[in-house]
Amino acid sequence: MAFMTGKKVAVAMSGGVDSSLTAALLAEQGYDVMGVTMRLSEESRDFNAADDRGCCSLSAVEDARRVAEVIGIPHYVVNFRELFQRRVIDNFLAEYARGRTPNPCVACNRYVKFEGLLQKVREMGADYVATGHYAQIFHDETAGRYVLAKGIDVQKDQSYALYHLNQQSLQHFLMPLGSYTKVHTRELAEKYHLPVAHKPDSQEICFVPQDDYKAYLQAHVPSCLKDGDIVDCEGHVLGHHHGVPFYTIGQRRGLGIAAAEPLYVVELDMQRNRVVVGTGQQVFAAGLIAGDMNWIAIDALQEPMQVSAKIRYGKREGAAVVEPLPNGRVQVRFAEPQRAVTPGQSVVFYDGDRVIGGGVIERALRK
């Protein structure tokens, strides 16, 4: 997207180096910039109080305020605790209770940043929301559509977690770091004398203390944690578990099973309260079914399409064919079987560097 000086931009400032540099760059380019820090979770403020990695901690708010002072922009703290609780934390717990493995960062982007924050700052008079994500947004004049594309830093690309952006929201978002590497970001942060230039990246799940999701589930949804059987793909009992949500697809360690060959979790069966394990070959899937779809490059999927499909953050894409199913769902068939296809995670489709769209994995297809 072309830069337009004078336009008012609200930068979502987490107190980290990425969002801080985003604010500095846009201010230098002539935008009317204000920093906005979202207050998301009181719980995370408590356990992150002495940990500057937490994106919701008290120190994060103070870091964002200090950066705003250095840049010379106003800074505001906005309360999104109720929305965050309902859309991110409650969903996180509900998904685990269903035997699925959610991605809270995708949910936070979708409901809190893309919808909640955008609406809030538009009410405050801002034309755009800017974030420190490593992804690119531009307008394709030929297609007449806004495009979401990968960031140039392959290791830091965050387009996978942004697939819920749409043609309406894309025109109001700026992501200037999409054309930077992380190394360059820190170098520029030093140049701008930002006090967070060398601050460590924030932890993955900001509201789970010490990233111990098992303890978090025990504290918040103990009713879904019931003793049950660990079985093989033929139903033979091999061991026992203390709660299906404690396991993840593809897991090998911690099963407590003695076997002639390594065994991996291949299915979480909440209905029967069973953890299903199989061989290294059985943990691979030929395809998947996905729902809750969002399309960026197209209005809707009308016919089978050749794509590159990514089934989790950080994983490389694999060639696949995606075809429409009734009720807006899709079926994906991989050119080569993919390991640990996990219900609750997102599958995102690419055409080269461009995001076509994505959805939530409902189940793996073994054949």
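Remember, it's a predicted structure, so these values are computed and weren't measured experimentally.

Caption draft 1: Main features of the nonpolar core. In terms of nonpolar packing, the biggest core is built from 64 residues, with Phe 84, Phe 92, Val 112, Leu 148 and Phe 207 touching the most fellow members. Here this core gets 9 residues from one element, more than from any other, and that element is helix α5 (residues 104–123). Counting 27 residues, the second-largest nonpolar core is a separate cluster that includes Leu 25, Tyr 31, Ala 64 and Leu 194.

Caption draft 2: Quick peek at the sheet that holds strand β8 (residues 228–232). If you trace the 4 strands from one edge of the open sheet to the other, you get β9-β8-β11-β10, paired in mixed fashion. In this open sheet, the two edge strands, each paired with only one partner strand, are β9 (237–241) and β10 (264–269). For this sheet, the mean angle separating the axes of adjacent strands, direction not counted, is 30 degrees. Here β8 runs beside β9; their pairing, made up of 4 bridges, is antiparallel. Its bridge partner being in β9, Gly 228 is matched across the sheet by His 241.

Caption draft 3: Here's a closer look at the pattern of salt bridges. The full count for this structure, using the stated rule, is 17 salt bridges. Asp 299 is the salt-bridge partner of Arg 145, the closest N and O atoms lying 3.0 Å from each other. Linking Arg 145 in strand β6 (residues 145–150) with Asp 299 in the loop between β12 (284–295) and β13 (305–310), this pair joins segments that are 154 residues apart in sequence. Residue classification places Asp 299 among the exposed positions, given a relative accessible area of 70%. With its nearest N and O atoms 3.9 Å apart, the salt bridge here joins Lys 310 to Glu 317. Residue class for Lys 310 comes out buried when judged on its relative accessible area of 7%.

Caption draft 4: Looking closely at the environment of Val 266. Relative to the helices and strands, Val 266 resides in strand β10. When sequence neighbours within four positions are dropped, the list of residues in contact with Val 266 reads Cys 233, Ile 249, Val 276, Val 277, Gly 278, Gln 282, Val 283 and Arg 366.

Caption draft 5: Quick peek at the packing of aromatic side chains. Taken as a whole, this structure holds 10 aromatic pairs when the rule is applied. Both rings, one in Phe 114 and one in Phe 173, keep their centres 5.5 Å apart while their planes meet at 85 degrees; by these two values the pair is edge-to-face. Of this pair, Phe 114 sits in helix α5 while Phe 173 sits in strand β7 (residues 173–174), placing them 59 residues apart in sequence. Given a relative accessible area of 0%, Phe 173 falls into the buried group. Put simply, the rings of Phe 84, Phe 92, Tyr 96, Phe 207, Tyr 213 and Tyr 216 touch in pairs and so form one group of aromatic residues. Positioned over the ring face of Tyr 111 is Arg 87, at 4.1 Å from the centre of the ring.

Caption draft 6: Structural detail: α5. The axis of α5 is deflected most strongly, by about 30 degrees, at Leu 117. Between the side-chain oxygen of the N-cap and the backbone nitrogen of Cys 105 there are 3.2 Å, and the N-cap of α5 in question is Asn 103. One or two steps after α5, the chain reaches Gly 125, where phi turns positive at roughly 95 degrees.

Caption draft 7: Seen up close, the pairing of β6. Counted residue by residue, β6 has 5 buried out of 6 residues, so it is predominantly covered. In terms of strand pairing, strand β5 (residues 135–140) meets β6 through 6 bridges, oriented antiparallel. Each bridged residue has a counterpart across the sheet, and for Gln 136 the counterpart in β6 is Ala 149. The hairpin formed by β5 and β6 contains 4 residues between the paired strands, and Gly 144 there has a positive phi angle of roughly 70 degrees.

Caption draft 8: Fine view of unusual backbone geometry. One non-glycine residue, Asp 211, lies in positive phi territory at about 55 degrees. For Asp 211, a relative accessible area of 42% gives the class partly exposed. A positive phi is found at Asp 292, a non-glycine position, where the angle reads about 50 degrees. Among the secondary structure elements, Asp 292 is positioned in strand β12.

Caption draft 9: The arrangement of the side chain of Lys 199 in detail. Note on placement: Lys 199 falls in the loop between α7 (182–191) and α8 (213–220). In this structure Lys 199 comes out as buried when scored by relative accessible area, which is 9%. Among the polar contacts made by the side chain of Lys 199, one reaches the side chain of Asp 63 at a distance of 2.8 Å.

What counts as what
Residues numbered from 1 in each chain as written. Predicted model: local features only at pLDDT ≥ 70, side-chain atom pairs only at ≥ 80, totals over all residues. Heavy atoms only, no water. Core = buried A, V, L, I, M, F, W, Y, C linked by side-chain atoms within 4.5 Å. Buried < 20%, exposed > 50% of the residue type's maximum accessible area, 1.4 Å probe, protein only. Helix = DSSP H or I, 4+ residues; strand = E, 2+ residues; numbered from the N terminus. Pairing = 2+ DSSP bridges. Axes fitted to C-alpha atoms, helices over the stretch in contact; angles between N-to-C directions. Salt bridge = Lys/Arg side-chain N within 4 Å of Asp/Glu carboxyl O. Contact = heavy atoms within 4.5 Å. Phe/Tyr/Trp six-rings, centres within 6.5 Å; stacked < 30°, edge-to-face > 60°. Lys NZ or Arg CZ within 6 Å of the ring centre and 35° of its normal. Bend = angle between axes of the 7 residues up to and from the residue. Polar contact = N/O pair within 3.5 Å; in protein donor to acceptor, adjacent residues only side chain to side chain.

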